[in-house]
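For reference, the chains in residue letters:
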Amino acid sequence: MKALIDWLDSRTGVRDLVHEALYERIPGGSRWRYVWGSTLVFAFVTQVITGVFLWMCYSPSAQTAWESVYFIQYQMSGGWLLRGLHHFMAQAMVVLMALHLMQVVIDGAYRAPREVNFWLGLILMQIVLGLSLTGYLLPWDQKGYWATRVATNLLSIVPLVGPQLQQLVVGGADYGHLTLTRFFALHAGVLPGLLVFFLIIHVALFRRHGICTKKPERCPEMSFWPDQVLKDAVACLAVLIVVLLLVVHPLNLFMSSGGAGHAVSPLGAELGAPADSSNQYAAARPEWYFLFLFQFLKLFEGWGEQGELLGAIVIPGAVMAALFLMPLIGRWNLGHRFNIGLLFILLAGIGWLTTAAVNEDYRAKWTSDTFAEVAQVVAEIGTDPEKIASHFGNDTEKIQQFTTQLAAYEKYTKSKDYLQAVKGAEREAERIVTLASSPERIPPTGAITLLRDDPKTQGPRLFALNCASCHTFTPAASGTEEPAPAKRSTAADLAGFASRPWIAGLLNPEKIAGPEYFGNTAHREGEMAGFVKETLAGWPAEEVQNAVMALSAEAKLKSQAAADQTDAARIEAGRKLIADGDRCASCHKFHEAGELGSAPDLTDYGSREWLTGMIDDPRHKRFYREANDRMPAFAEFPHDPAKNMLSARTIALIVDWLRGEWYEPAADEPAEAKAPVEPSAAEKPAADQPPVAAPAEAAPAAGK
Amino acid sequence: MANPPPPQPFGKPSLPAGKPGGPTGKSSATSPPSSPAARRGFMVETSAVVIGGIVGLVPALSGLAVFLDPLRRKSSAEKLLRVTTLDALPDDGIPRQFAVIAEHVDAWNRSLEPVGAVYLRRNKGEATPQCLTATCPHAGCFVNYDAPTNSFKCPCHNSTFTVDGQIIEPSPSPRAMDTMECEVKDQEILVKFQNYYTGKTEKVVKE
């Protein structure tokens, strides 16, 4: 062994090298306060190792970035740990950098002859921040996408070259493939390369000047090995333990910006829904250590373009310049104290701004006040100062008091909106993982297609946009957004349409003319309402229930499949009642019985095809003809789709959502990332539904 | 160095001038090329620098050309796009949000995709709607319509706008919401959808 080392040493000088590395002099002995530099090197090495392995699985393009990160996180063994380590070590690195900077400034280690090394340290800090900024975009999820949009938009306000600079960074006029390839090249190539380059000089200069010892020296001189190495190793271990705890602990809910947390898996780093330029994301926030800059920008409200420039570029630039000048300022008598003062003022400012940003977002969660009174006044008279003045009889004191309350209320509602957006984002992230984990997997067009074609996600949005100005939908389904309730419904409530409870309500003499059904329509006093109130009220309850089951079975709802099978005999009896020429079929057509012309066709009532036809054109002879009450024909021209108000795809999404038809993993499917299945609207009857709902509810469980 | 020695004009004195080859060439870096050896040395140095420069520049410049390519790319979203039908927008003065679907070109991909969203609003009796982009002119977030106060609110930095898109002070936004050209043709609403630079007092189109 010795011969081998001798041989190697004679050709490489390896002994001197090792000696040089390990036997650095440390006057005054090893100390805990010298560990920060080593922990930073450790953090960087961790990032290189985990980064290279992530690189082997990552694919930077708009159609594959999220998808490959999803695969790492949820499908590859240990992927969550690798990604979690990389994610949280990056955050630890920022904290360690701040501690290292504090230690250097407090110890005055920037003074001659170490000025250049101090400047190198600041350059390294910029590179690390650049790494975290570029890394934030790479998963191509909603949060990273929108936060990066805001960050790169700020570039465009740089005087003279701003727009060109932005276009170069973004890789074109729009965000897409080339944004990702560029950010990835920066993140995995250019910036780490620069970092290694400057780090080598930084460490070499550190060795050249020796350690800047803390006076008074407590012990005799020691060498780096083994005492200081042990202290450094223990510190690195502590860093690693903290990072591992963050990876496996739900505490990281608080660390990840936006607080969105982990939609599906409580382990590792968060992954939001895939980026979508057309889907608003109100919860976009930068990483927590950039929150102070985000908040700082808000201070320049009403300053216009100059304010942006000042807040985003000039002042942060000036602060960096002040840091660079520290070694020169430190030469004066009080310079060192000034530097320490400046550092603490900066840290306090950053702390204050970060707290303010978090408080603005989370205040609604932390207060028990719901501002009910103010909300009521605002709902009544709005926020117009004149109206407020007259509301309080021009009493200055009351107006003053109300204005203060109003300001607090507005902050409260903003925070509430934010929290709701976070919740929506969480739900969407959960949903996309459910969809991506289905046996169908992700199509080559990317995961975004899964979300855009998912009735559970799109239904509530499309309903809110196209249907909710007349129809209500209560209880709101478990989609991403609740459809805004119509101010005053002018048409039937469509929650659970064609389900047993819904039809039972329609055939309930007390309900048919109520707001949930025909109450606010032209059919309020119509023949059907009259029939239900006068004739149907006289039917035996058993028969009504059979008819309800039979009609509901026409819809072939997924949620009732088991119940329909169990109740086959009663459904058959109900079908005979409906087909009876003296009963339903006297007005309605039902399969072979009855005729079209006076009332909607009951054949396949509520089925996918029936509902699509009804939305396409309610004036069609199969439906309401001229008795149609204000409902528009959303797809009147089957042969000229461009003329239609809604595309066939949009209508299909709404229909499937109303019918509760969307992908859910089977209960016994061993999905790695199974989301809790919320009951669909159709399965969730309102509390006041008639007893007929009971068998429908009990049956699916029994049928399994 | 109170009395510096007189400058030596021709390389190191220890080496006889005119002796060809050897290390002489290197040492005459700063000397004018008046002797054959110095001239040769100068030629060697210049050639080394030029050739070294060329071999380095060719890959660097070819890379730079590709790197700067995005500067000549234009946004794919700038034509008149069909947004919705006139029937879908009642003339009640309430803004409604519509997705704008456009041909979307992302480097090597072309697809029909929602590229953004607009708010359309039609006052009583108006034939042509007013069109506002849903992107906040401050930092590019998505602006929400708030029905109770009949105003637009940005969830990111608290910019608020009237239903016409005008700024409600104080606001971090440097300008009002961006309006876009809008026309009605055959009962269809067409919008000239564009992206604008955010954070500027003037509305500048992103090309």
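Residues numbered from 1 in each chain as written. Chains lettered and ligands numbered in written order. Predicted model: local features only at pLDDT ≥ 70, side-chain atom pairs only at ≥ 80, totals over all residues. Heavy atoms only, no water.

Attention now moves to the packing of aromatic side chains. Residues and elements named next belong to chain A. Per the counting criterion, the structure on display carries 30 aromatic pairs over all chains. The interplanar angle of 80° and the centroid separation of 5.5 Å between the aromatic rings of Tyr145 and Trp146 together place this pair among those described as edge-to-face. Grouped by ring-pair contacts, the aromatic residues Phe497, Trp502, Tyr517, Tyr605, Trp610 and Phe623 constitute a single cluster. Over the face of the ring belonging to Trp32 we find Lys231, whose NZ or CZ atom lies 5.7 Å from the ring centre. Seen from the ring of Trp539, Arg583 lies directly overhead, with NZ or CZ sitting 4.5 Å from the centre. (Phe/Tyr/Trp six-rings, centres within 6.5 Å; stacked < 30°, edge-to-face > 60°. Lys NZ or Arg CZ within 6 Å of the ring centre and 35° of its normal.)

Before going further, it helps to spend a moment on helix H1 (residues 2-12) of chain A. Residues separated by three or four positions in an α-helix point in the same direction, a consequence of the helix having 3.6 residues per turn. The buried fraction of H1(A) amounts to 1 of the 11 residues, a small share that puts the element mostly on the outside. Among the residues trailing H1(A), Gly13(A) stands out with phi positive, at a value near 70°. (Buried < 20%, exposed > 50% of the residue type's maximum accessible area, 1.4 Å probe, protein only. Helix = DSSP H or I, 4+ residues; strand = E, 2+ residues; numbered from the N terminus.)

What follows deals with the pattern of salt bridges. Residue and element names in this part refer to chain A. Here the structure, examined in full by the defined rule, presents 36 salt bridges over all chains. Arg452 is paired through a salt bridge with Asp276; the nearest N and O atoms lie 2.9 Å apart. Here Asp276 lies in the loop between helix H11 (252-255) and helix H12 (291-298) and Arg452 lies in helix H18 (residues 447-452), a separation of 176 residues in the sequence. Asp617 is the partner of Arg619 in a salt bridge, and the nearest nitrogen-oxygen pair spans 3.8 Å. Judged by its relative accessible area of 17%, Asp617 is buried. Through salt bridges with shared partners, a single network forms among Lys2, Asp6, Asp9 and Arg15. (Salt bridge = Lys/Arg side-chain N within 4 Å of Asp/Glu carboxyl O.)

Our next topic: the sheet that holds strand S8 (residues 182-185) of chain B. Residues and elements named next belong to chain B. Read from one edge to the other, the open sheet built from 3 strands follows the order S1-S9-S8, with strand pairing classed as antiparallel. Both outer strands of the open sheet, strand S1 (80-85) and S8, are each paired with one neighbouring strand and no more. If you compare each strand with its neighbour and ignore which way they point, the axes differ by 30° on average. Pairing geometry for S8 and strand S9 (residues 188-192), over 4 bridges, is antiparallel. When the bridges of S9 are listed, Cys182 appears paired with Val191. (Pairing = 2+ DSSP bridges. Axes fitted to C-alpha atoms, helices over the stretch in contact; angles between N-to-C directions.)

A few words now on empty space enclosed by the protein. Scanning all chains against the criterion turns up 3 cavities of 30 Å³ or more. Put simply, the second largest cavity is a space of about 80 Å³. Every residue lining the second largest cavity is counted, 10 residues in all, and those nearest its centre are Gln166(A), Gln167(A), Gly172(A), Ala173(A) and Lys206(B). Of the residues assigned to the lining of the second largest cavity, the class counts are 5 nonpolar, 3 polar and 2 charged. (1 Å grid on protein atoms, 1.4 Å probe; cavity = no way out; pocket = protein on both sides within 12 Å on 5 of 7 lines; lining within 4 Å. Points joined across faces, edges and corners; volume = space filled by probe spheres on them. Nonpolar A, V, L, I, M, F, W, Y, C, P; charged D, E, K, R; others polar.)

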